[in-house]
Amino acid sequence: MAILDNLGKKLTEVTQTTVQVSKGLMDSAKTALAISAEEREIEKAYRSLGQWYYATKGQNPEEAGEYIDIVDTSLRKIREIREEAEAAQAVEAPAAPLFACPACGAQIEHGVQFCPVCGAMMPAPEIVEREESICPSCGALAQGPFCSRCGAQVVQVSKESEEPEEPEADEESDGHSQY
């Protein structure tokens with residue numbers, strides 16, 4: 001029966017996660033739809049402004065104020081929609097990632113030393129050593145031979161030396177290519 005209880009708990013967790021993800025997708029779609037509606041209003045106002053200008057040859061520019069007000073209002077609404085969406089995302093910050101206890105299978109947060117359900121000691125977290133590439137132009141960390149932020153060629157830095165690594169030179173080479 002313990003297996004069925006665990007299965008029930010797992011299904012409940014999966015369902016809750018699915019509901020949360022679906023809600024986030026729905027909110028994103030609503031935001032995108034509202035922004036698109038405002039962008040269409042801006043396009044209509046620009047088109048009307050262009051037609052007015054062509055018809056009047058730019059005479060009486062105060063008449064254009066109506067179209068400019070429409071654009072300004074729509075731009076303000078777009079800014080407000082984006083701010084509200086960002087605030088909602090900040091409130092709905094994801095919970096700490098969970099992992100299964102190796103002894104009992106309970107879902108627990110990373111960083112705990114003992115399982116709160118069975119008391120088993122958790123394995124030590126893995127520490128991964130890696131080499132970092134530092135962009136000489138913008139100082140960003142890069143993962144390849146070129147910076148993903150500015151496109152400059154990066155310098156490899158070894159963790160041990162913290163000095164830029166020099167390319168290995170072929171001792172037999174006189175500096176010219178063999179080809």
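Residues numbered from 1 in each chain as written. Predicted model: local features only at pLDDT ≥ 70, side-chain atom pairs only at ≥ 80, totals over all residues. Heavy atoms only, no water.

Chemist: Break down the state of the cysteines for me, citing the residues and quoting the values.
Modeler: Summed over the entire model, instances satisfying the criterion amount to zero disulfides. Looking at the unpaired Cys104, the closest cysteine sulfur is the one in Cys118, lying at 3.8 Å. (Disulfide = S-S within 2.5 Å.)

Chemist: Could you give an account of the confidence of the model for the chain, naming the residues involved and the relevant values?
Modeler: Across the chain, pLDDT averages 78, with 77% of residues at or above 70. Confidence drops under a pLDDT of 50 for residues 158–173, and excluding neighbours within four residues, the segment shows 14 contacts in the predicted structure. (pLDDT = per-residue confidence, 0-100. Contact = heavy atoms within 4.5 Å.)

Chemist: I'd like to hear about the side chain of Glu38, residue by residue, with values.
Modeler: Inspection of the secondary structure assignment puts Glu38 in helix α1 (residues 2–56). An unpaired buried charge is present at Glu38: no salt bridge exists, and Lys77, the closest side chain of opposite charge, is 4.1 Å distant. Polar side-chain contacts of Glu38 include one of 2.9 Å to the side chain of Ser74. Residues in contact with Glu38, not counting those within four places in the same chain, are Ser74, Lys77, Ile78 and Ile81. (Helix = DSSP H or I, 4+ residues; strand = E, 2+ residues; numbered from the N terminus. Buried < 20%, exposed > 50% of the residue type's maximum accessible area, 1.4 Å probe, protein only. Lys, Arg positive; Asp, Glu negative; His and termini not counted. Salt bridge = Lys/Arg side-chain N within 4 Å of Asp/Glu carboxyl O. Polar contact = N/O pair within 3.5 Å; in protein donor to acceptor, adjacent residues only side chain to side chain.)

Chemist: Give me the side chain of Ser74: which residues, what numbers.
Modeler: With respect to the helices and strands, Ser74 occurs in helix α2 (residues 65–91). Of the residues examined, Ser74 reaches a relative accessible area of 4% and is grouped as buried. In this structure Ser74 touches Glu38, Glu41 and Ile42, once residues within four positions along its chain are discounted.

Chemist: Requested: an account of the pattern of salt bridges, with residues and values cited.
Modeler: Scanning the entire structure with this criterion turns up three salt bridges. Measuring nitrogen to oxygen at the nearest pair gives 3.2 Å for the salt bridge that ties Glu80 to Arg76. Of this pair, Glu80 and Arg76 are both found in helix α2, four residues apart, which corresponds to roughly one turn of the helix. Residue Glu80 is classed as partly exposed on the basis of its relative accessible area of 34%. Take Arg76: its relative accessible area is 38%, and that puts it in the partly exposed class.

Chemist: Could you give an account of the environment of Gly111, naming the residues involved and the relevant values?
Modeler: By the secondary structure assignment, Gly111 is in the loop between β2 (107–109) and β3 (132–134). Put simply, Gly111 and Met122 are eleven residues apart on the chain and 8.8 Å apart in space, counted from C-alpha to C-alpha.

Chemist: Got a sec to walk through unusual backbone geometry? Specific residues and values, please.
Modeler: Positive phi outside glycine occurs at Lys57, with the angle close to 60°. Note on placement: Lys57 falls in the loop between α1 and α2. A relative accessible area of 58% means that Lys57 is categorised as exposed.

Chemist: Go over a nonpolar patch on the surface, please, and point to the residues and values.
Modeler: Taken together, the side chains of Leu4, Leu7 and Leu11 present a nonpolar region at the surface, about 310 Å² in accessible area. Here Leu7 is to be found in helix α1. (Patch = residues over 30% accessible without salt bridge, like charges linked within 9 Å, V, L, I, M, F, W, Y side chains within 5 Å. Areas by Shrake-Rupley, 256 points an atom, 1.4 Å probe, with all protein chains shown as cover.)

Chemist: Can you break down α2 residue by residue, with the values?
Modeler: Across its 27 residues, α2 extends 39 Å between first and last C-alpha, which sits within 8% of the 39 Å expected from 1.5 Å per residue. Residues of α2 that are buried: Tyr67, Val71, Ser74, Ile78 and Ile81. In this structure, the buried residues of α2 make contact with α1. (Expected span 1.5 Å × (residues − 1).)

Chemist: Go over the packing of α1 against α2, please, and point to the residues and values.
Modeler: Helix-helix packing is described using two parameters, namely the angle between the two axes and the distance between the axes. In contact at an axis separation of 9 Å, α1 and α2 are set at 165° when each is read in the N-to-C sense. Comparing their axes, α2 and α1 come out roughly antiparallel. Pair α1 / α2 crosses with left-handed handedness. Facing Thr31, Ala34, Ile35, Glu38, Glu39, Glu41, Ile42, Ala45, Tyr46, Ser48, Leu49 and Trp52 of α1, the residues of α2 in contact are Tyr67, Ile70, Val71, Ser74, Leu75, Lys77, Ile78, Ile81, Arg82 and Ala85. Residue composition of the contact of α1 with α2, grouped by class: 14 nonpolar, three polar and five charged. (Axes fitted to C-alpha atoms, helices over the stretch in contact; angles between N-to-C directions. Parallel < 35°, antiparallel > 145°, perpendicular 65-115°, else oblique. Left-handed = near helix turned anticlockwise from the far one by under 90°. Nonpolar A, V, L, I, M, F, W, Y, C, P; charged D, E, K, R; others polar.)

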